[in-house]
Amino acid sequence: MVDAQIRARGIADQRVLRAMEKIPRHLFIDAGLIDQAYNDSALPIDRQQTISQPYIVALMSAAVALTGKEKVLEIGTGSGYQTAILAELADQVFSIERIAVLANRARKALDALNCYNVAIRVGDGTYGWREESPFAAIVVTAGAPQVPRTLIEQLAVGGSLVVPVGSRHSQNLLKLTRLSANPDDLRREELGGCRFVDLIGEHGWNHS
Ligand code: SAH
């Protein structure tokens, strides 16, 4: 998987490649789909949600350029697979999932891998996790109608937010780097097209 889908598409961050070689994706996938665990695609998890495509996980993880010392926030724990990769790359990971059954299942998978530097909270991640802010990186793994401003406000100066923004059917993966104390002072990069499930919440899509 790492050679054919990740290195071959130009992801060169050695720490990301090593993390993806180490974390077994099949531990985050329902038993019935286990034979597809290392395929080049997103797969359904419970509650009409998906585990992201491995390449997208690598792209988002590389985009935030972690060194191992950072505090990171993830919105949309889902299966916990991206969480586990971030836990390898950063010092501490805080992850928010709105669906309790998914958060509980992710916690079990992460515990089985001894990922003890991860805290998971059930709730609306579009509010962020203010008590633990600022974060050196924030990764949103669900598609937003616009950049949630609350998350920019919880980003450390110099930190970056990676978030898919667009319609419910297709998004552009954005990387926003906070350049100063002013939350409007941002560098904006487009990392390419993608398709995520909806980010549902106060600063996301407002259906349930
Ligand atoms: N990175 C995950 C992606 C899961 S899909 C993985 O690879 O497994 C996106 C997840 O975001 C879903 O589990 C969905 O329930 C969750 N989500 C959507 N809106 C949310 C919100 N406002 N706060 C927290 N989680 C949210």
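Being a predicted model, the structure only gives us computed values, none of them experimental.

1. Some words on helix H5 (residues 100–112)
Part 1: Under the 1.5 Å per step criterion, the end-to-end length of H5 is 19 Å for 13 residues, consistent within 8% with the ideal 18 Å.
Part 2: Of all the positions in H5, only Leu-102, Ala-103, Ala-106, Ala-109 and Leu-110 are classed as buried. Each buried residue of H5 lies within a common arc of 125° when the element is viewed along its axis, so the set occupies one face. Among the exposed residues of H5, those oriented more than 90 degrees off its buried face are Lys-108 and Ala-112.
Part 3: The secondary structure elements touched by the buried residues of H5 are helix H4 (81–89), strand E4 (92–97) and strand E5 (118–122).
Part 4: Directly beyond the C-terminal end of H5, a positive phi value near 55° is found at Asn-114.

2. Some thoughts on the nonpolar core
Part 1: In this structure, Ile-11, Met-20, Phe-28, Leu-66, Tyr-81 and Ile-85 are the most contacted members of the largest nonpolar core, which totals 45 residues.
Part 2: Listing elements by their share of this core, those giving two or more residues are helix H1 (2–6), helix H2 (14–22), helix H3 (54–63), H4, H5 and strand E6 (135–140).
Part 3: Excluding its chain neighbours within four sequence positions, the residues that come into contact with Ile-85 are Ala-19, Met-20, Ile-23, Val-57 and Ser-61.
Part 4: Membership of the second largest hydrophobic core comes to 19 residues, among which are Ala-142, Leu-155, Val-163 and Val-165.

3. Considering H2
Part 1: Within H2 the residues assigned to the buried category are Val-16, Leu-17, Ala-19 and Met-20. Looking down the long axis of H2, one finds its buried residues gathered within 165° of arc, a one-sided arrangement. When the buried face of H2 is taken as reference, the exposed residues oriented beyond 90 degrees from it are Arg-18 and Lys-22.
Part 2: By the N-cap criterion, in which a side-chain oxygen at the helix start approaches the backbone nitrogen of a residue two or three places on, H2 is capped by Asp-13, the distance to Arg-15 being 3.0 Å.

4. Things to note about the site of the ligand
Part 1: Around the ligand sit 26 residues, and of these Ser-52, Ser-79, Glu-97, Gly-125 and Ile-200 come closest.
Part 2: In this structure, an oxygen atom belonging to the ligand sits 2.6 Å away from a side-chain N or O atom of Ser-79.
Part 3: Ile-200 places a main-chain nitrogen or oxygen 2.7 Å from a nitrogen atom of the ligand.
Part 4: Its free accessible area being 580 Å², the ligand has 99% of it covered by the protein chains.
Part 5: Placement of the ligand is best described as lying within the largest cavity.
Part 6: Among the elements of the structure, strand E2 (50–51), strand E3 (71–75) and E4 are those that each provide at least two residues to the shell around the ligand.
Part 7: Taken together, the residues of the shell around the ligand sort by class into nine nonpolar, 12 polar and five charged.

Reading the values: the criteria
- Residues numbered from 1 in each chain as written.
- Predicted model: local features only at pLDDT ≥ 70, side-chain atom pairs only at ≥ 80, totals over all residues.
- Heavy atoms only, no water.
- Helix = DSSP H or I, 4+ residues; strand = E, 2+ residues; numbered from the N terminus.
- Expected span 1.5 Å × (residues − 1).
- Buried < 20%, exposed > 50% of the residue type's maximum accessible area, 1.4 Å probe, protein only.
- Arc of directions from axis to C-beta.
- Contact = heavy atoms within 4.5 Å.
- Core = buried A, V, L, I, M, F, W, Y, C linked by side-chain atoms within 4.5 Å.
- Polar contact = N/O pair within 3.5 Å; in protein donor to acceptor, adjacent residues only side chain to side chain.
- Near = heavy atom within 4 Å.
- Areas by Shrake-Rupley, 256 points an atom, 1.4 Å probe, with all protein chains shown as cover.
- 1 Å grid on protein atoms, 1.4 Å probe; cavity = no way out; pocket = protein on both sides within 12 Å on 5 of 7 lines; lining within 4 Å.
- Sits in = over half its atoms within 2 Å of the grid points.
- Nonpolar A, V, L, I, M, F, W, Y, C, P; charged D, E, K, R; others polar.

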